[in-house]
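Structural overview
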Amino acid sequence: MNVYQEVVLAALYRTLPIKEDAILFYIKAIFALHGLLVAALFVMTWLMSRSWFAGILTAAFYSLNRLDTTRVSSVIPLRESFALPFLWVQVAALTYYFKPQASGWPLRISVGIIGGSTFLFCLCWQFNQFILLLQALALVAAFLTHLLPQHKVMMVLGIQMVSLLAVCLLQFVNTMILGSLALSFIVASFIIILRKGPKQPSGHWLWQGVVTVVNGVLILLLMLLINTAIKYMIQVEADEHIFKFLQNKFGFGNARDFDSRLYLCLGIFGFLTPDVLERLTKGLVFIFYLEAHVGLLLLTFIAILQKWNHSARRVSFSAGDSGPTANTNNTPSTRPTTRVLEDRPELAFHALQCLLFGGLAVTMLRMKYLWTPYMCVLGSLVVADSSLWMAILKLFKKDSYFLVEVIRHVAVVTVLAVLLAMTLGPVMRELEELREFWDPDTVDLMKWIKSSTPLTASFTGSMQLMAGVKLCTDRPITNHPHYEDKALRNKTKQLYQIYGRRTPEDVHSILKRFNSSYIILEDSICLARPKDNCRTTDIVDLDNGIVPDDSKEEEGLVRSTVPRFCDQVRHLDATYARYFKQVFVNKTFRVYQVL
């Protein structure tokens with residue numbers, strides 16, 4: 001489990017002279033990390049646009065569109081709240097590292113920052129492997145098209161591999177990392193990159209394109225072969241629920257699978273909703289981002305064609321050489337030419353990585369927080385980039401560096417002023433609202449558990465509630481929201497029979513098998529209104545092969561006459577009273593002792 005961040009914060013709290021409450025220290029630490037995230041976006045924009053004004057605009061875009069750029073203000077202790085700041089520090093360092101001009105001690109420092117931030121990112125979030133896989137795909141694509149040099153791509157891939165393996169060891173040999181697609185892809189990429197070498201393929205540009213595609217396909221096939229072999233050898237099953245979820249999301253696999261439906265029935269795992277882009281458009285960021293990203297992708301495509309065409313012309317000219325004096329003439333084939341993105345290859349990398357992050361966000365709403373910070377950066381870039389303004393001025397036969405500087409700074413100030421005028425008022429009014437946590441039923445339940453149950457009493461209930469029980473009462477729990485372990489997933493599926501149509505004997509047998517002393521039932525779950533077969537009760541019924549309440553007959557499902565346990569147990573008739581005893585009740589929760 002990715003809890004090293006809490007271990008570190010706890011150690012700091014106990015060793016440093018900190019006088020405020022632990023929970024406030026925890027919250028401020030996470031907010032400070034997000035200050036680091038904004039600083040990383042600022043530096044990243046500065047490096048790309050060569051204007052600190054653009055960095056300010058990026059910070060404003062990010063902060064004033066915070067509903068879609070971050071969840072830290074509403075869901076503080078998420079693993080991604082710790083991890084994403086380190087990801088953007090890494091991406092900012094990569095921006096400098098990929099610059100052709102980078103050298104000396106600044107280059108070595110950037111490598112150190114890339115290594116440290118990549119490791120910390122992996123340590124903080126269990127989904128790190130999927131993000132690193134996308135980044136590795138962008139790196140390898142940039143190498144295969146000769147936009148990035150071999151040694152730099154291999155350095156970053158090597159850092160990714162070392163970081164993943166180090167986290168694997170720190171998590172007591174986490175086999176989910178060893179069997180990850182990211183690690184297999186990195187190994188496969190190393191093999192093909194070393195076999196290919198740094199030289200660009202010769203011949204017609206169309207042939208070079210075919211060679212590039214073939215190398216890409218070879219890497220993917222080799223990745224699948226390596227991954228299959230690793231999973232077979234060490235029997236990795238921890239991440240199988242993720243692949244089942246992806247299959248079912250796109251219409252393959254078993255649509256009634258318990259684990260998949262737990263994800264698919266949550267809105268945050270659905271496709272990106274139109275309202276997100278509407279809000280970002282009103283916040284100005286999406287309009288500028290779209291222009292910037294489309295332009296960068298077009299420039300990247302042109303840069304690839306130029307490299308392939310240049311290589312083909314060079315080979316053609318060399319074939320016509322008659323001797324060592326043939327190259328003395330400054331012919332068009334040998335005359336130096338300026339190629340698109342030649343001195344700014346980091347922009348091509350960002351164009352490719354942002355494209356992959358955007359694809360992930362479109363298919364999964366929760367991952368929009370990887371894409372929207374990129375929108376802020378690229379949206380600022382299109383406003384403040386000097387090369388863009390210089391190109392525009394050249395269309396009007398103007399070529400003045402001073403005029404470019406004036407225009408781009410005026411553009412940034414204008415956009416920033418419009419943005420503040422549109423959004424600052426509502427933001428200030430929102431900040432004036434003071435809110436307080438108010439959930440007396442949950443507080444009542446936790447107090448009762450602490451005062452009326454033994455320290456060794458174990459509890460069963462919904463995963464979300466169990467996490468609170470463990471935190472607030474320090475009592476043992478039988479299930480919790482950590483889902484990257486097959487045994488825990490299977491245990492949760494069996495314990496969730498408390499919400500299914502099962503006899504009291506069946507439920508009692510399951511609870512005893514897992515040493516459960518008490519069960520906590522919530523009517524908000526048991527008696528929830530119909531919702532596209534997405535209630536917890538529906539998910540349990542479908543997995544059990546039973547037609548959910550208020551649903552039509554389906555092939556492979558049967559109607560059950562067995563009462564729903566969570567509802568029927570409230571009456572405690574003679575059959576149920578043999579196995580369960582009600583010991584606590586309020587408007588929200590019912591607690592039963594397992595006899």
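Residues numbered from 1 in each chain as written. Predicted model: local features only at pLDDT ≥ 70, side-chain atom pairs only at ≥ 80, totals over all residues. Heavy atoms only, no water.

1. Things to note about the overall build of the protein chain
Counted only if it meets this: Secondary structure elements follow DSSP: runs of H or I no shorter than four residues count as helices, runs of E no shorter than two count as strands, and numbering proceeds from the N terminus. Buried residues are those whose accessible area, probed at 1.4 Å on protein chains only, stays under 20% of the maximum for their type, while exposed residues exceed 50% and partly exposed ones sit between those limits. The criterion used for residue contact is that any of the two residues' heavy atoms lie within 4.5 Å. Note that accessible areas follow from Shrake-Rupley with a 1.4 Å probe, and for residues the cover is restricted to the protein chains shown. His is not counted, nor are the chain ends; Lys and Arg add positive charge and Asp and Glu add negative charge. In plain terms, the charge of a residue is placed at NZ if it is Lys, CZ if Arg, CG if Asp and CD if Glu.
From N to C terminus, the protein chain includes 27 helices and four strands. In terms of principal-axis extent, the alpha carbons of the protein chain reach across some 105 × 55 × 55 Å. Residue burial in the protein chain is summarised as follows: out of 595 residues, 50% are buried. Counting contacts in the protein chain only where the partners sit at least 6 residues apart, residues at least 24 apart contribute 68% of the total. For the protein chain, the computed accessible surface area is about 28,800 Å², with 66% contributed by carbon and sulfur atoms. In the protein chain, which carries 57 positive and 45 negative side-chain charges, the distance between the mean positions of the two groups comes to 7 Å.

2. Let's talk about the pattern of salt bridges
Put simply, the rule reads: Salt bridges, as used here, are contacts in which a Lys or Arg side-chain nitrogen is within 4 Å of a carboxyl oxygen on Asp or Glu.
By the definition in use, this model includes 30 salt bridges. Across the pair glutamate 20 and lysine 28 runs a salt bridge, and its minimum N-O distance is 2.9 Å. A salt bridge links lysine 244 to aspartate 257, with the shortest nitrogen-to-oxygen separation between them at 3.2 Å. With a gap of 13 residues between them, lysine 244 in helix α12 (residues 240-249) and aspartate 257 in the loop between α12 and α13 (258-264) connect regions that are remote in the sequence. Lysine 244 sits in the partly exposed class, given a relative accessible area of 26%. By sharing partners, the salt bridges in this structure join Glu237, Glu240, Lys244, Asp257, Asp259, Lys486 and Arg489 into a single network.

3. Considering the sheet that holds strand β2 (residues 518-522)
Selection rule: In this analysis, strands are considered paired if DSSP registers two or more bridges between them. Helix axes use the C-alpha atoms of the stretch in contact, all axes being lines fitted to C-alpha atoms, and the angles between their N-to-C directions lie in the range 0 to 180 degrees.
Overall, mixed pairing links the four strands, which are arranged β1-β2-β4-β3 in an open sheet. One side of each edge strand has no neighbouring strand; the edge strands of this open sheet are β1 (459-460) and β3 (580-585). The sheet contacts of helix α21 (residues 463-473) involve β1, β2 and β4 (589-594), and relative to β2 the element is tilted by about 130°.

4. Comments concerning the packing of aromatic side chains
The condition is simple: Aromatic contacts are taken between Phe, Tyr and Trp rings whose centres are within 6.5 Å, Trp giving its six-membered ring; a plane angle under 30 degrees counts as stacked, one over 60 as edge-to-face, and the others as tilted. To sit over a ring, a charge needs its Lys NZ or Arg CZ within 6 Å of the ring centre and within 35 degrees of the ring normal.
This model, assessed by the stated rule, comprises 25 aromatic pairs. With a centroid separation of 4.6 Å and an interplanar angle of 80°, the aromatic rings of tryptophan 52 and phenylalanine 53 are classed as edge-to-face. Between tyrosine 97 and phenylalanine 98, the aromatic rings sit 5.6 Å apart at their centres with planes inclined by 50°, giving tilted as the arrangement. With relative accessibility at 4%, the residue tyrosine 97 sits in the buried group. Members of the aromatic cluster, each reached through a chain of ring pairs, are Phe121, Trp125, Phe127 and Phe130. Between the NZ or CZ atom of lysine 152 and the centre of the ring of tyrosine 97, over which it lies, the distance is 5.1 Å.

5. So, unusual backbone geometry
Although it is not a glycine, leucine 284 adopts a positive phi angle of roughly 70°. Tracing the chain through its elements places leucine 284 in the loop between α14 (274-282) and α15 (285-319).

6. So, the state of the cysteines
As a reminder of what qualifies: Here, two cysteine sulfur atoms that lie within 2.5 Å of each other are counted as a disulfide.
Scanning the model with the defined rule gives two disulfides in all. Shown here is the disulfide that connects cysteine 526 with cysteine 566, its sulfur atoms set 2.0 Å apart. Between cysteine 526 and cysteine 566, the disulfide has an S-S torsion of 85° and is therefore right-handed. Note that cysteine 526 is positioned in helix α24 (residues 523-526) and cysteine 566 in helix α26 (residues 565-568), a separation of 40 residues in sequence. Cysteine pairing in the protein chain follows 1-3, 2-4, where each cysteine in a disulfide is numbered by its order in the sequence. Residue cysteine 354 stays outside any disulfide, its sulfur separated by 11 Å from that of cysteine 376, the closest cysteine.

7. Focus: the pairing of β3
Across five bridges, β3 lies against β4 in antiparallel orientation. Looking across to β4, one finds that valine 585 is bridged to arginine 590. Taken together, β3 and the strand that follows it, β4, pair antiparallel across an intervening segment of three residues.

8. As for the side chain of glutamine 497
For the record, the criterion: Side-chain atoms alone can form a polar contact between residues adjacent in sequence; in general such a contact is a pair of N or O atoms within 3.5 Å, and within protein one must be able to donate a hydrogen while the other accepts it.
Along the polypeptide, glutamine 497 turns up in the loop between α22 (486-495) and α23 (504-513). At a separation of 2.8 Å, a polar atom in the side chain of glutamine 497 contacts the side chain of asparagine 544. Sequence-distant contacts of glutamine 497, defined by excluding residues within four places in its chain, comprise Arg502, Val507, Ile510, Val540, Asn544 and Phe565.

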